[in-house]
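# An overview of the molecular structure
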Amino acid sequence: MTIKIYSMAYQDRSDRVRWLLEEMNVPYTDQFLNKDKGEMNSPDYRSLNPMGRVPTIVDGDIVLNESAAICIYLADKYAYGKLAPKIEDTKLRAEYTKWMIFSTASLECVIARMFTHTSTPEETKVTHDYVKAQCDIMKLALIPILSKQDYILSSGFSAADIMLAAVIPGAHEYLVQGNSAIEAYMKRMMEKESAVRAKVF
Ligand SMILES: N[C@@H](CCC(=O)N[C@@H](CS)C(=O)NCC(=O)O)C(=O)O
């Protein structure tokens, strides 16, 4: 049975799910919801995601929300030991889990403020100062790693790169611009054929 992805557009938080599936050559279909037409609020969709948010996937009898959880699930199911380190590789798996969660829980959570906390020029300034300061802190974790290796895990390309590289551009001016290690990393990611096929960037 083909996996179904519910989203609003290619470039919402479904981007990483589509990218991962393209990378693994796992077939899927897109179900785009029109928010203006109330499709996120329909009883049918609310039965899949009570919060009326996207992405959601349906994979057989599995219905899953939260992009990081979806990618952890899919990488384990379809690319275990390849794009997702095995549980037995304790150290690597711990690092992998950290970056999978970091991407949405720490990084995207901060970046998303720029889409919501900007209703006046004063609020916009406070928000941008906050996001910049937080990005400066997160760069302390990212730059040393990306300066010495091509991917966030020492073992090579993984689903953690898909998560990170899908989120980082949201704060391009604070994370990418002028930071050669992150710039080079993002260039590598944007050139991935699977990312191009998934229309991530
Ligand atoms: N942490 C969630 C966030 C989900 C989320 O907020 N998605 C946005 C779209 S990218 C949404 O559905 N917004 C609801 C709306 O715009 O009404 C995830 O990573 O999946």
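Residues numbered from 1 in each chain as written. Predicted model: local features only at pLDDT ≥ 70, side-chain atom pairs only at ≥ 80, totals over all residues.

### What to know about helix 4 (residues 90-111)
Residues that lie three or four places apart on an α-helix share one face, since the helix turns once every 3.6 residues. The following threshold applies: Labels follow the DSSP assignment, with helices taken as runs of H or I lasting at least four residues and strands as runs of E lasting at least two, numbered in each case from the N terminus. A helix is expected to span 1.5 Å for every residue after the first. With C-beta atoms placed from the backbone, a residue counts as buried when 20 or more other C-beta atoms lie within 10 Å of its own, as exposed when 12 or fewer do, and as partly exposed for counts between those limits. Our contact criterion uses C-beta atoms placed from the backbone: two residues qualify when those atoms are within 7 Å.
Its 22 residues place the ends of helix 4 30 Å apart at the C-alpha level, agreeing with the 32 Å of an ideal helix rising 1.5 Å per residue. Residues Tyr96, Trp99, Met100, Phe102, Ser103, Thr104, Leu107, Glu108, Val110 and Ile111 constitute the buried set of helix 4. Contacts from the buried residues of helix 4 go to helix 3 (67-79), helix 5 (113-116), helix 6 (121-148) and helix 7 (159-167).

### Remarks on the site of the ligand
Which entries qualify depends on this criterion: As used in this record, a residue near a molecule or strand is one whose C-beta atom, placed from the backbone, is within 6 Å of it. Side-chain classes are defined by residue name, with Ala, Val, Leu, Ile, Met, Phe, Trp, Tyr, Cys and Pro counting as nonpolar, Asp, Glu, Lys and Arg as charged, and the others, Gly among them, as polar.
Taken together, Asp12, Arg13, Lys35, Met40, Arg53, Val54, Pro55, Glu66, Ser67 and Thr104 are the residues near the ligand. Of the residues contributing to the shell around the ligand, the split by class is three nonpolar, two polar and five charged.

### Points about the nonpolar core
Quick note on the threshold: Buried Ala, Val, Leu, Ile, Met, Phe, Trp, Tyr and Cys residues form a nonpolar core when they are connected through C-beta atoms within 7 Å.
Formed by 47 residues in total, the largest nonpolar core has its most connected members in Leu20, Cys71, Met100, Ala159 and Met163. Mapped onto this core, the elements with two or more residues apiece are strand 1 (3-7), helix 1 (15-24), helix 3, helix 4, helix 6, helix 7, helix 8 (172-176) and helix 9 (180-190). Per element, the largest residue contribution to this core is eight residues, and it comes from helix 7. When neighbours within four sequence positions are excluded, Met100 is seen to be in contact with Ala68, Cys71, Ile72, Ala159, Ala160 and Met163.

### Re the domain arrangement of the chain
As a reminder of what qualifies: Residue ranges for the domains originate in an automatic or database domain assignment.
You can read the domains of the chain as domain 1 (3-79) and domain 2 (90-194). If you average the C-alpha positions of domain 1 and of domain 2, the two centres end up 22 Å apart. Counting residues at the interface gives 11 residues for domain 1, matched by nine residues for domain 2. Contributions of two or more residues to the side of domain 1 that touches domain 2 are made by helix 1 and helix 3. In terms of residue count, helix 1 provides more of the side of domain 1 that touches domain 2 than any other element does, six residues in total.

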